[in-house]
Amino acid sequence: MSWLGLLSQLMAIVMALVMAPLLSGWVNQWRARLQNKSAPGLLQPYRVLHKLFNKESVLAEHASALFRMVPYIVFGCMLLASAIIPTLSTDLPLSPAADAIALVGLFALARVFISLAAMDVGTAFGSLGARREMLVGFLAEPALLMVLFCASMISRSTSLTTIVETLAHRELAIYPSLLVAGVAFAMVSLAENARVPVDNPDTHLELTMIHEAMILEYSGRHLALLEWAASLKLFAYSCIGLALFFPWGVAEANAPLALLLALPVLIIKLAIGGVFLALIETLSAKMRIFRVPEFLGTAFLLAVIGLLVNILLGVG
Amino acid sequence: MIKLAPQLINLFATLILMLSFAMISQRRVVSLINLFTIQGAALVAASVLLGYVTNQPDLYVSAALTLVLKVVFIPWMLHRVIRKLNVRWDVDTLINIPTTMLVGIALVIFSFSLALPISRLSTSMAGGSLGIALACVLLAFLMMITRSKAVPQVIGFLSMENGLIFAATTVTNGMPMIVEFGIALDVLVGVLILGVFMFQIREKFDSLDIHNLETLKED
């Protein structure tokens, strides 16, 4: 383990923590602009976090210890997830801790705990949201796994750093399977991050809400942590997408100059990705909850097609 | 550019397959026509690329023919037909969509495993595309079977024709020009006749559901 490796690991974590709310703010701003509303400031998520951290946290009378623990667990899961995704450099000392499969497991762990907490207090909305979240989750997970397998078939490894290294630093080749996997990944990440065709991130007042229904009972610093975790999740998903499908600019091991260059490249890529996300959210209408299994089933089958195409065309 | 050409052709092949798959999972007729248009455009791009790489000007003509017919004329006509018949929304399928997609995956696996040994022997530039083209044809068949309305069936027929043309272009590096023209004319006339049929079915039964045709029998 080199000092440079430690540095890049530290940079990746700090950057995830700092930029995740910024990314959410950026997406919200563009969405407001595209919908002809006056946009909130780019720093609005920070202001919300600041406000929430300074507020008292009110707990329900029957809340158990689990309810208080969950925000920390969820936040920890998302932080670890964003630490092992190669955002700036593929030289990450933490990356042997978890490969692509374990990454999906981390997201699942966070989901299980947040659903348990939602049911813990016993309000109707909480258990409703938890049930819907599990419905979305059990279909999104296999699809995400298949997408990651598509990429790992090319690099013959499930370690995220190896995958990105193979994709980014090999001579230019076009992988048709990644085209299909990319579409599947976009569908999965819309569902996983509670974005518009599946869930509406804007509202607390809709009977069809999923994510917001689960965190309805939280307040103060707990809510702040959960909001932060949600933006970390969006950040992590965007970074997985960029790392798999647009891997240019991610630095290799022992390349301090490339590491410096990687940051602006990542910011540009995230900015473009954020505008695209806002565009998708503006152009599509929220679907019925019973159409969600079909939507995610399509994503899963597209990812399977990606695997099959990989076998047939045998590139790599 | 030349080095990447086979990969680019594979990319277009995958795009065509993905669009076929998207078509069988699509409920709305308007989106179905748009997907068909994009599929035609991908086919045009693949033909032009193959023509450029293998130095066959014939393929440009074939691509131009596809462009005029399948990207411009037929989609325009289909849009007109569904506007006149007022069937922009179609939710009727005989089997529900998730089952159809599972059957679709089975078809893709079948055609890939069928084409895999052949493509290993093939010396042409994009031998792997044979499996994809076969999968497209079968998926289009599936769409024709599972839809109960006339317009999606016509689109399924046209999409199947896309798959066939793609197979012919990539595997054999293009058919003789006269065959190409013949097929193009066939498709054109076929669509025109089917368009007239759709109006007639509608006039007779007030619906485009082809089940009504079963009652046409004379007793």
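A quick note: this is a predicted structure, and the numbers were derived from the prediction, not measured.

Student: It is not clear to me how the overall build of chain A should be interpreted in this structure. Could you clarify?
Tutor: When helices and strands are counted, chain A shows 11 helices and zero strands. Going residue by residue from the N terminus, the α and β elements of chain A occur as α-α-α-α-α-α-α-α-α-α-α. Against the globule reference of 20 Å for 316 residues, chain A gives a C-alpha radius of gyration of 19 Å, in line with a compact fold. When contacts within chain A are restricted to residue pairs at least 6 apart in sequence, long-range pairs at least 24 apart make up 79% of them.

Student: Sorry if this is basic, but what is going on with the overall build of chain B here?
Tutor: In terms of regular secondary structure, chain B is built from seven helices and zero strands. If you list the helices and strands of chain B from N to C, you get α-α-α-α-α-α-α. In terms of overall size, chain B behaves like a compact globule, its C-alpha atoms giving a radius of gyration of 18 Å where 219 residues would be expected to give roughly 17 Å. Dimensions of chain B, computed from the C-alpha atoms along their principal axes, are close to 60 × 35 × 35 Å. The 219 residues of chain B split such that 43% are buried. Contacts in chain B between residues far apart in sequence, at least 24 positions, make up 75% of those at least 6 positions apart.

Student: What exactly am I supposed to notice about the interface of chain A and chain B here?
Tutor: Many authors give the size of an interface as the accessible area that is lost as the parts come together. Of the residues lining the interface, 18 residues belong to chain A; the matching set on chain B comes to 22 residues. Secondary structure elements with two or more residues in the side of chain A that touches chain B: α7 (176-192) and α11 (292-313) of chain A. In terms of residues, the side of chain A that touches chain B owes the most to one element, α11(A), which gives 11 residues.

Student: I keep staring at the environment of B:G190 and nothing clicks. Help me out?
Tutor: Residue and element names in this part refer to chain B. Residue position: G190 is located in helix α7 (residues 177-205). Look at G190 and you get partly exposed, because 14 C-beta atoms sit within 10 Å. With 33 residues separating them along the chain, G190 and F157 place their C-alpha atoms 9.8 Å apart.

Student: Looking at this structure, how should I read the packing of helix α6 (residues 150-172) of chain B against α7(B)?
Tutor: Between two packed helices, what matters for the description is the angle formed by their axes and the separation of those axes. Residue and element names in this part refer to chain B. At a minimum axis distance of 10 Å, the contact between α6 and α7 shows a crossing angle of 170°. By the angle between their directions, the pair α6 and α7 is classed as roughly antiparallel. Contacts between α6 and α7 involve A150, V151, V154, L158 and E161 from the first element and V187, V191, L194, M198 and I201 from the second. Classifying every residue of the contact of α6 with α7 by side-chain character gives nine nonpolar, no polar and one charged.

Student: Can you walk me through the packing of helix α1 (residues 5-24) of chain B against helix α5 (residues 129-146) of chain B in this structure?
Tutor: Residues and elements named next belong to chain B. Where α1 meets α5, the closest approach of the two axes is 9 Å, and the angle between their N-to-C directions is 15°. By the criterion of interaxial angle, the relationship of α1 to α5 is roughly parallel. Helix-helix and strand crossings are classified by hand; for α1 and α5 the assignment is left-handed. Here α1 contributes I9, N10, A13, T14, I16, L17, S20, F21, M23 and I24 to the contact with α5, which in turn contributes S129, I132, A135, C136, L139, A140, L142 and M143. Looking at the contact of α1 with α5 residue by residue, the class counts come to 14 nonpolar, four polar and no charged.

Calculation rules
- Residues numbered from 1 in each chain as written.
- Chains lettered and ligands numbered in written order.
- Predicted model: local features only at pLDDT ≥ 70, side-chain atom pairs only at ≥ 80, totals over all residues.
- Helix = DSSP H or I, 4+ residues; strand = E, 2+ residues; numbered from the N terminus.
- Rg over C-alpha atoms; globule rule 2.2 N^0.38 Å.
- Contact = placed C-beta atoms within 7 Å.
- Buried ≥ 20, exposed ≤ 12 C-beta atoms within 10 Å, placed from the backbone.
- Axes fitted to C-alpha atoms, helices over the stretch in contact; angles between N-to-C directions.
- Parallel < 35°, antiparallel > 145°, perpendicular 65-115°, else oblique.
- Nonpolar A, V, L, I, M, F, W, Y, C, P; charged D, E, K, R; others polar.
- Left-handed = near helix turned anticlockwise from the far one by under 90°.

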